[in-house]
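Chain residues, written in single-letter form:
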Amino acid sequence: EASLIVAEARAKALGEVENIKQQAEALRKEIEELKKLRTNYLIRCRALVRSQEELLQAMEKDFETP
């Protein structure tokens, strides 16, 4: 009976370990996706800042010309 209890406990533990591995892999994938989103966000922010700078320069140029 004791060996049956040990075998059941081992099986349960292996199942829990597999579940934790799957959760860890899902989290790794989510982290990678978030990193990509952050990179894309920063690229878009830089592009917005550049376009605003260009707009300001064009406006300044217009004001300089009589």
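The structure this text deals with has already been given above.
Throughout what follows, the structure given in this document is the object of discussion.

The rules behind each value
- Residues numbered from 1 in each chain as written.
- Predicted model: local features only at pLDDT ≥ 70, side-chain atom pairs only at ≥ 80, totals over all residues.
- Heavy atoms only, no water.
- Salt bridge = Lys/Arg side-chain N within 4 Å of Asp/Glu carboxyl O.
- Helix = DSSP H or I, 4+ residues; strand = E, 2+ residues; numbered from the N terminus.
- Buried < 20%, exposed > 50% of the residue type's maximum accessible area, 1.4 Å probe, protein only.

Quick word on the pattern of salt bridges
Per the stated rule, a full pass over the model turns up two salt bridges. Across the pair R28 and E25 runs a salt bridge whose closest N-O atoms are separated by 3.4 Å. Note that R28 and E25 are positioned in helix 1 (residues 2-64) at a spacing of three residues, about one turn of the helix. For R28, a relative accessible area of 48% corresponds to the partly exposed category. Assessed through its relative accessible area of 35%, E25 is described here as partly exposed. K35 serves as the salt-bridge partner of E32, at 3.8 Å between the closest nitrogen and oxygen. Of this pair, E32 and K35 both sit in helix 1, three residues apart, which is roughly one turn of the helix. You can call K35 partly exposed: its relative accessible area is 41%.

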